[in-house]
Amino acid sequence: MTFKLFFILLALLPVVACSKREALESETAAIDYPAALGVVKRSGWGWQPGDTTLARHKVSKITIHHGGEEFPKDKDPVLYLQNFQAWCRTEKNWMDNPYHFMIDLEGGIYETRPIIYPGDTNTGYDPTGHALICVMGNYEVQILSQAQLAALIDLTAFLQREFEVPANAVKAHKDYTETLCPGKDLYRYLEDGTIRAALSQKKIGGVPDR
Ligand SMILES: [Zn+2]
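Residues numbered from 1 in each chain as written. Predicted model: local features only at pLDDT ≥ 70, side-chain atom pairs only at ≥ 80, totals over all residues. Heavy atoms only, no water.

Some points on the overall build of the chain
The following threshold applies: In DSSP terms, a helix is any run of H or I states spanning at least four residues, a strand is any run of E spanning at least two, and both are numbered starting from the N terminus. Residue contacts are defined here by distance: any two heavy atoms, one from each residue, within 4.5 Å place the two residues in contact. Here, Shrake-Rupley sampling with a 1.4 Å probe gives the accessible areas, and only protein chains in the shown set may cover a residue.
Looking only at helices and strands, the chain has five helices and six strands in total. In sequence order, the chain lays out its α and β elements as α-β-β-α-β-β-β-α-β-α-α. Taking contacts inside the chain between residues at least 6 apart in sequence as the whole, the part at least 24 apart equals 73%. Split by element, the accessible area of the chain, about 10900 Å² in all, is 56% carbon and sulfur.

Quick look at the structure:
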């Protein structure tokens, strides 16, 4: 490499770094959610932008998770999201929270990892192409509230329409790999057809009715 070329490349470095960061930040406004869904966008809870070299993906599936960790009633979900994002980056070396959305105990929906990037997992499946929704808490031991179930159904219905995901591509983590996730008290609504029936109703009914 000539000296001249070296200096040209050096001068371009901040531009490249900046455009990556801008891509992540501008994506925060990319999805136009119905107001009724009440989604707390990344800009609303203290999400920190970061850099990534991850390739983008095309969403064709929706996969439901639980956090796997008991979530007490007095725990602040916003503080949890901030700490969890920092932990994922420093301890796991992931670009972000592994999930694209998280739902709290009250049924509040939070936008987390930008959906244009595939999620992350500690288990043996490839999350590329999956929109990942995680309900905070451990539903092997906790009980899923009706507010959480309603939020999960409404968000899933919205994502199904937004990304044209067929009904048979809405599944749980444990349908793909060896795991208890999303816990028995959440999984039962997938097993008994409650979620599928509600989603097909929403499809007929149009916009989520929350
Ligand atoms: Zn999971």
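After presenting the structure, the write-up continues.
Things to note about the layout of surface pockets
For the record, the criterion: Using only the protein atoms, space was sampled on a 1 Å grid; points where a 1.4 Å probe fits but cannot get out form cavities, open sets with protein on both sides within 12 Å along at least five of seven lines form pockets, and lining residues are those with an atom within 4 Å of a point. Grid points are joined across faces, edges and corners, and a volume is the space filled by probe spheres set on the points. Classification used: nonpolar for Ala, Val, Leu, Ile, Met, Phe, Trp, Tyr, Cys and Pro, charged for Asp, Glu, Lys and Arg, polar for all others including Gly.
By volume, the largest pocket is sized at about 360 Å³. As for the largest pocket, its lining consists of 19 residues, of which His66, Gly67, Pro98, Tyr99 and Asn122 are closest to the centre. Of all elements in the fold, only strand 2 (61–66) and helix 2 (77–90) reach the threshold of two or more residues within the lining of the largest pocket. By residue number, the principal contributor to the lining of the largest pocket is helix 2, which donates three residues. The residue inventory of the lining of the largest pocket, partitioned by class, reads eight nonpolar, nine polar and two charged. Here the second largest pocket defines a volume of roughly 250 Å³.

With respect to the nonpolar core
Filter applied, for reference: Think of a nonpolar core as a cluster: buried Ala, Val, Leu, Ile, Met, Phe, Trp, Tyr and Cys residues, connected wherever their side-chain atoms sit within 4.5 Å. Think of it in three bands: residues with accessible area under 20% of the maximum for their type are buried, residues over 50% are exposed, and the middle band is partly exposed, with areas taken using a 1.4 Å probe on protein chains only.
In terms of nonpolar packing, the biggest core is built from 50 residues, with Met102, Ile103, Ile109, Leu152, Leu155, Leu159 and Ile195 touching the most fellow members. For this core, the element with the most residues is helix 3 (residues 146–163), which contributes eight residues. In contact with leucine 152, other than residues within four places in its own chain, are Ile64, Ile103, Ile133, Val135, Leu186 and Ile195.

Side note on unusual backbone geometry
For the bond from cysteine 181 to proline 182, the omega torsion is 15°, close enough to zero to count as cis. Even without glycine at this site, asparagine 93 takes up a positive phi of about 65°. Although it is not a glycine, glutamate 164 sits at a positive phi angle of roughly 55°. For glutamate 164, the location among the structural elements is in the loop between helix 3 and strand 6 (170–172). On the basis of relative accessibility, which here comes to 71%, the residue glutamate 164 falls in the exposed class.

Examining the pairing of strand 5 (residues 130–135)
In plain terms, the rule: Two strands form a pair only when DSSP identifies at least two bridges running between them.
When you tally the buried positions in strand 5, you get six out of six residues, the bulk of the element. Burial along strand 5 is two-sided: His130, Leu132 and Cys134 and Ala131, Ile133 and Val135, pointing in opposite directions, are all buried. Where strand 2 lies against strand 5, six bridges are found, and the strand directions are parallel. Bridge assignment links histidine 65 to a residue of strand 5, and that residue is cysteine 134. Note: strand 3 (residues 101–103) against strand 5, three bridges, orientation parallel. Bridge assignment links phenylalanine 101 to a residue of strand 5, and that residue is isoleucine 133.

Some words on the side chain of arginine 113
Note the following rule: Within 3.5 Å is the distance limit for a polar contact, defined as a pair of N or O atoms, with the added protein rule that one can donate a hydrogen and the other accept it, and that residues adjacent in sequence qualify only through two side-chain atoms.
Turning to its location among the elements, arginine 113 is positioned in the loop between strand 4 (109–111) and strand 5. Among the polar contacts made by the side chain of arginine 113, one reaches the main-chain carbonyl oxygen of proline 118 at a distance of 2.7 Å.

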